[in-house]
Amino acid sequence: MNAVTTPVQNTIFNEEEWLLLLFLLADIQSWLQQLQEGLIYQLPVKHRKKLLRKSGYLSVKALAHILERHYYKPPCHPPVGAQASLASKFTLPIPQIVACIRDACRQPAAPGGQAHAGNRCHVYDAGITIGYNSRGLPVSSITVITDAAGTIVTAFPGAMPP
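Here's what I pulled together on the structure shown here. (Residues numbered from 1 in each chain as written. Predicted model: local features only at pLDDT ≥ 70, side-chain atom pairs only at ≥ 80, totals over all residues. Heavy atoms only, no water.)

1. Details of the pattern of salt bridges
In step 1: Per the stated rule, a full pass over the model turns up two salt bridges.
In step 2: Note that arginine 102 is salt-bridged to aspartate 103, the shortest N-O span being 3.0 Å.
In step 3: Take aspartate 103: its relative accessible area is 15%, and that puts it in the buried class.
In step 4: Between arginine 106 and aspartate 103 there is a salt bridge whose closest N-O contact spans 3.6 Å.
In step 5: Through salt bridges with shared partners, one network takes in Arg102, Asp103 and Arg106. (Salt bridge = Lys/Arg side-chain N within 4 Å of Asp/Glu carboxyl O. Buried < 20%, exposed > 50% of the residue type's maximum accessible area, 1.4 Å probe, protein only.)

2. Here's the deal with the sheet that holds strand β1 (residues 89-90)
In step 1: The three strands lie next to each other as β1-β3-β4, forming an open sheet whose pairing is antiparallel. Each edge of the open sheet carries a strand with a single partner, namely β1 and β4 (138-139).
In step 2: Bridge count for β1 against strand β3 (residues 131-132) is two bridges, and the pairing is antiparallel. Across the sheet, phenylalanine 90 pairs through a bridge with glycine 131, a residue of β3. (Pairing = 2+ DSSP bridges. Helix = DSSP H or I, 4+ residues; strand = E, 2+ residues; numbered from the N terminus.)

3. Here's the deal with the pairing of strand β5 (residues 141-146)
In step 1: Of all six residues making up β5, six are buried, and the element is well covered by its neighbours.
In step 2: Covered by surrounding structure in β5 are Ser141, Thr143 and Ile145 together with Ile142, Val144 and Thr146, the residues of both alternating faces.
In step 3: One ladder, built from six bridges, connects strand β2 (residues 120-125) with β5; its direction is antiparallel. What sits directly across from valine 123, in β5, is threonine 143.
In step 4: With five bridges connecting them, β5 and strand β6 (residues 152-157) associate as antiparallel partners. The partner of threonine 143 across the bridge, within β6, is phenylalanine 156.

4. Quick look at the sheet that holds β6
In step 1: Read from one edge of the open sheet, three strands run β2-β5-β6, paired in antiparallel fashion. Taken across any chain shown, the strands that pair with only one partner, and hence form the sheet edges, are β2 and β6. Put simply, the sheet's adjacent strands are angled 20° from each other on average, direction ignored.
In step 2: This element, helix α3 (residues 94-105), spans β2, β5 and β6 of the sheet and lies at about 65° to β5. (Axes fitted to C-alpha atoms, helices over the stretch in contact; angles between N-to-C directions. Contact = heavy atoms within 4.5 Å.)

5. A look at α3
Owing to its 3.6 residues per turn, the α-helix aligns residues three or four sequence positions apart on the same side.
In step 1: In this model, α3 (twelve residues) spans 17 Å end to end at C-alpha, consistent with the 16 Å of a helix rising 1.5 Å per residue.
In step 2: Burial within α3 is extensive, with nine of its twelve residues counted as buried.
In step 3: Three or more residues of α3 are buried, namely Ile97, Val98, Ala99, Cys100, Ile101, Arg102, Asp103, Ala104 and Cys105.
In step 4: Turning to α3, the residues buried within the fold contact α2 (60-70), β1, β2, β5 and β6. (Expected span 1.5 Å × (residues − 1).)

Right, dumping it as structure tokens:
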């Protein structure tokens, strides 16, 4: 019978330095959270506090992704080759986009609305044209993808492609 040996660690764990780093990162994370909340509170959107709840939480990272990829103004993702027509674009001002995202999160997940990796798909019809889909057609609906905890991952105008 072969005995299983425990690997020997060549590094020494410095608990004091590790704790200092842990507390530093916790402070930085709290500070960044406060900055993020302050940024969301600057938006002229009613009920914006709902975007900071656990369900329907809109992080700065997610909002930056949504605007980089799906807002018509920033040239962050210029259309290139086959991807030129893949991204749908919002044509509303940012506060209205955020309000549509908030309203979409209030909707139950679409029936069979499982996006990949266990995410959920919420679709909301704003009643007005909010942008155009990947085929260049005007749309009034928004799709918001949330993870299993309800945190917003992304949002885009139109319906989720089949």
